[in-house]
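# A look at the structure
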Amino acid sequence: MEKLTNRSRVVSDKKMTFLEKIYLPAIVKGMIITLKHFFSKKATINYPEQKREFSKVYRGQHVLKRDDLGRERCTACGLCAVACPAEAITMIAAERKPGEENLYREEKYAAVYEINMLRCIYCGDCEDACPKEAIFLTDRIVASQYHREPFVYGKDILVEPLDPEKRIDVSARQTESVRNFKLNKRFAHNK
Amino acid sequence: MDWTILIYKTIFLFIILLVTLLVAMYSTYGERKVAAFMQDRRGPNRAGPFGLLQPLADGVKMFMKEEIIPLSANRALFILGPSIAMTTALLTGVVIPWGGIITIGGREFSLQIADLNIGILYVFAMVSIGVYGIMIGGWASNNKYALYGAIRAASQMISYELAMGMSIVALVITTGSLSLHEIVAQQHGMNWNIFYQPLGFLIFLTCAFAETNRAPFDLPECETELVGGYHTEYSSMKLGFYLFAEYINMFISSAVIATLYFGGYNMPFIDQLGLSQNAVTLLGTMFFFMKILGMIFLFMWIRWTLPRFRYDQLMNLGWKGLIPLAIFNILATGIFYYFTELS
C-alpha cells in the first residue's frame, strides 16, 4: 500500500543511547526550535487597525445596483430566488405606476426584496442568474449582530445609494467577459 | 543602635519589596508575551502601548472578582494558605546581595538587607516553608483535586530539595562559605562558579524548576488532570496571591541562581574600566538584574518548549537520576579538592 505521507516512522523499542537518556541534547534541540519561532514572522494581523487584503472578486454583502440615471435595475423576476441554493432570497413584485419612471427601470419592480444573511452561503449564484445585472456580491463584510432579526437585509440596506459619489463599485466582478456571458443568448436564462 | 542604618535598611527593604512585586507583575506579562511569540502569536497588546498595562488590568480584575470561601472548607486555614505562600516568597529576597557597597556622604551602605553567615540555609528554609502554603491551602479546600495537587506539590518539593541541597553542598566545598555575600565576593570578575560546578548547576537548575512548580514539573496545578490543582477552590485575590507567589518564586530563584553560579553583581573587566566605586556598584546591580531577567527568560523558554512530565517520570528523575548524580558530584568535588589542597 502506498504511504499517505512521507513522515511516517517505523516504531521500535530499542534501548536509548546514553545521549538520548540524559535528554539534554533533545531539550537543547527543542529550545532552538522554539527560539526560531520566537523571532519568526507572526501570523496574526492586528485586526481593527490592519485588515487582511481581500481578493478582488471577494463574495461578501450583496448590492442591488441602480443604472446611470439612478433607477433600480431589479425587475423582480425572481430568478435569483430560484437560483439560490440556500433559499435566502424572497421578494414581492409590484407594478410601476405612471410618474415613477425615474425610480424604476422596468415596468415591474421589487416592492420588497429581502436576503437572509444567516442563510446566504455567498456562492454568487444570484449574481449569475440575474439577467438585469442588478445584484452583485461586493467585498463588504456583513456586520455581526446580537440578534437574528437584523440579519434579514431589506431594500434599505441592499439598494445602493442614489448619490453618484456613494455608488458601490462592482467593476471587479462586472467585467466585460461577465457582461458578454450575460448577453449571450445561448444560455438558458437569457432566452 | 545607629539610626541612619535603621532608616536606610527600612527604605531599602521597601525598595526591594516594590522591585520584587514589580518584576513579578511584569513577569506575568512577559510570560504571556514569550508564550505568544514562541507560538507565532502577538500576545497582549491592547491595554496601553504594547499591552504594558495588562498586569494592572489583570490585578484590577482579580480584585473585582467575587470572593468565595467554600462552606466545607476550613476557613482559617483556607485564608492562611495563600498568605504563607506569598509571605515566604517575599521573605527570601532579604539575604540576596543586590549589589556592592554604595558610599553616601562618607558612610558606606551595603546593597544587601541582611548578610547572614548561613544565607544559603536561610533560602532553603524559606523555600521549604513555601510548601506549607500550598499544602495548607490544598488541604483546607476540602476538595479532592486540591488535595491531590497539594500532595503532589509536597512530595515533589521534598524529593527535589534533596538533590538541590546536595548540589549546594558541592558548591559550598568549592567556596568554603555559606554566606551569599562571601560567595559573590569570591566570584570577582569572570571567576564564576558555573565554570567550577557545571554539573551542580544543571542539577540546581532542574531542581529550581521543580521547586517553583514550573513546567515541565508543574504537576501540582496540572490542569488536564487536576482541574486547577491546589488552587481549584480559590477565587479573587487569594487565587491571585498563589499565582503571584509563583512568579515571585521564579524571580527569587533566578536571583539565587545568578548569585550562586553566575557571579551575582560581578561584571567581567570591571576593574579595567577605572570607574568610581558607586558607579561600579550601580553597574553591577544593573548587570545582576540583567542576569536575573535572562534566567527568568530561560524559565519561560523551557516552559514553552517542554511538555509536562508524568508523575512517575518526575519521581524517577528526582530519586534515580538527580540524587545519585548530586552525590557523585559531591564525591568528585571532594576528591578533587582533597588532592589539590594536599599538594
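Quick caveat, the model's predicted, so the values are computed rather than measured.

A few words on the overall build of chain B. Helices and strands together make up the secondary structure of chain B, namely twelve helices and two strands. Across its three principal axes, chain B shows a C-alpha extent of roughly 65 × 50 × 50 Å. For chain B, the share of sequence-separated contacts (at least 6 apart) that also reach a separation of at least 24 residues comes to 79%.

From N to C terminus, chain A includes six helices and five strands. Going from N to C terminus, chain A has its helices and strands arranged as α-α-β-α-β-β-α-β-β-α-α. Here chain A has a C-alpha radius of gyration of 27 Å; the compact-globule value for 191 residues is 16 Å, and the former is much larger. Summarising its shape, the C-alpha atoms of chain A cover approximately 95 × 45 × 35 Å along the three principal directions.

Our focus in this paragraph is the pairing of strand β3 (residues 108–116) of chain A. Residue and element names in this part refer to chain A. Alignment of strand β2 (residues 89–95) against β3, held across seven bridges, turns out to be antiparallel. When the sheet's bridge partners are listed, Met 91 is paired in β3 with Tyr 113. Where β3 meets strand β5 (residues 152–153), two bridges bridge the pair, whose relative direction is antiparallel. What sits directly across from Asn 116, in β5, is Val 152.

Residue and element names in this part refer to chain A. Relative to the assigned elements, Arg 119 resides in the loop between β3 and α4 (125–129). Note: C-alpha distance between Arg 119 and Lys 132 (13 residues apart in sequence) is 24 Å. With near-sequence residues (within four places) excluded, Arg 119 lies in contact with Ala 86, Glu 87 and Ala 88.

Turning our eyes to something else, we now look at the interface of chain A and chain B. Taken residue by residue, the interface counts ten residues in chain A and nine residues in chain B. Of the residues that constitute the side of chain A that touches chain B, the class distribution is four nonpolar, five polar and one charged.

Glancing now at the sheet that holds β3(A). The strand order across the open sheet formed by three strands is β2-β3-β5 (chain A), and the pairing between neighbours is antiparallel. A strand with exactly one partner marks an edge of an open sheet, and here the two such strands are β2 and β5 of chain A.

Now for the environment of Val280(B). Residue and element names in this part refer to chain B. Tracing the backbone through its elements, the reader meets Val 280 in helix α11 (residues 277–303). By the C-beta count within 10 Å, which is 20 here, Val 280 ends up buried. Between the C-alpha atom of Val 280 and that of Gly 100, which follows or precedes it by 180 residues, the distance is 8.1 Å. Dropping the residues within four chain positions of it, Val 280 is found in contact with Gly 100, Ile 270 and Leu 275.

Next up on the list: the packing of helix α9 (residues 236–261) of chain B against α11(B). Residue and element names in this part refer to chain B. Direction vectors running N to C along α9 and α11 enclose 120°, while the axes themselves pass 8 Å from each other. By the criterion of interaxial angle, the relationship of α9 to α11 is oblique. Handedness of the α9/α11 crossing: right-handed. On α11, the residues touching Met 250, Phe 251, Ser 254, Ala 255, Ile 257 and Ala 258 of α9 are Phe 288, Lys 291, Ile 292, Met 295, Ile 296 and Phe 299. Residue composition of the contact of α9 with α11, grouped by class: ten nonpolar, one polar and one charged.

By size, the foremost hydrophobic cluster in this structure holds 84 residues, and its most contacted members are Ala163(B), Cys207(B), Ile248(B), Phe251(B) and Ile257(B). In terms of residues, this core owes the most to one element, α9(B), which gives 15 residues. For Phe251(B), the contacting residues outside a window of four places in its chain are Thr20(B), Val23(B), Ala24(B), Ser27(B), Ile292(B) and Ile296(B). Core analysis: the second largest hydrophobic core is formed by 21 residues, Cys84(A), Cys120(A), Ala134(A) and Val170(A) among them.

Here we come to the pairing of strand β1 (residues 101–104) of chain B. Residues and elements named next belong to chain B. As defined by bridge partners, β1 adjoins strand β2 (residues 107–110) across four bridges and the pair is classed as antiparallel. Counterpart to Thr 103 in the pairing with β2 is Glu 108. Between β1 and β2, which pair antiparallel in sequence order, lie two residues; one of them, Gly 105, sits at a positive phi of approximately 60°.

Here we come to helix α3 (residues 75–91) of chain B. Residue and element names in this part refer to chain B. Its 17 residues place the ends of α3 25 Å apart at the C-alpha level, agreeing with the 24 Å of an ideal helix rising 1.5 Å per residue. By the burial criterion, the buried members of α3 are Phe 78, Gly 81, Pro 82, Ile 84, Ala 85, Thr 88, Ala 89 and Leu 90. At its buried positions, α3 is contacted by α1 (3–38), α4 (119–140) and α9.

This paragraph deals with the confidence of the model for chain B. Counting all residues, the mean pLDDT for chain B is 84, and 99% of those residues have values of 70 or more. Overall fold confidence (pTM) sits at 0.77, and the ipTM for the predicted complex is 0.75.

Despite not being glycine, Glu87(A) shows a phi value in the positive range, around 50°. Summarising the element assignment, Glu87(A) is placed in the loop between α3 (79–83) and β2. A residue is classified by how many C-beta atoms lie within 10 Å of it, and Glu87(A), with 11 of them, is exposed. Phi angles above zero are rare outside glycine, and Ser236(B) is one such case at about 55°. Taking the number of C-beta atoms within 10 Å as the measure of exposure, Ser236(B) has 16 and is therefore partly exposed.

Rules behind the numbers
Positions within a chain are numbered from 1, following the residues in the order the chain's sequence is written. Ligands are numbered from 1 and chains lettered from A, in the order in which they are written. Local features are withheld for residues below a pLDDT of 70 in this predicted model, meaning they are given only at 70 or higher, and side-chain atom pairs are given and counted only at 80 or more; totals for whole chains, interfaces and linings count all residues. Helix and strand labels come from DSSP, where a helix needs a run of H or I of at least four residues and a strand needs a run of E of at least two; each type is numbered from the N terminus. The contact criterion used is a C-beta to C-beta distance within 7 Å, with each C-beta placed from the backbone. The globule rule used here is 2.2 Å times the number of residues to the 0.38 power, and the radius of gyration it is set against is calculated over C-alpha atoms. For two strands to be treated as a pair, DSSP must find no fewer than two bridges joining them. Three classes are used, and their members are as follows: Ala, Val, Leu, Ile, Met, Phe, Trp, Tyr, Cys and Pro are nonpolar, Asp, Glu, Lys and Arg are charged, and the others, Gly among them, are polar. Field definition: a residue is buried when 20 or more other C-beta atoms are found within 10 Å of its C-beta, exposed when 12 or fewer are, and partly exposed for counts in between, with C-beta atoms placed from the backbone. Axis lines are fitted through C-alpha atoms, for helices just across the contact stretch, and the angle between N-to-C directions can take any value from 0 to 180 degrees. Each angle gets one of four labels, with under 35 degrees taken as roughly parallel, over 145 as roughly antiparallel, 65 to 115 as roughly perpendicular, and the rest as oblique. Helix crossings are classified by the rotation of the near helix relative to the far one: an anticlockwise turn of less than a right angle makes the crossing left-handed, while a clockwise turn makes it right-handed. Joining buried Ala, Val, Leu, Ile, Met, Phe, Trp, Tyr and Cys residues through C-beta atoms within 7 Å gives a set, and that set is a nonpolar core. Multiplying 1.5 Å by the helix residue count minus one yields the expected span of that helix. Confidence of the prediction at every residue is given by pLDDT, a number between 0 and 100.

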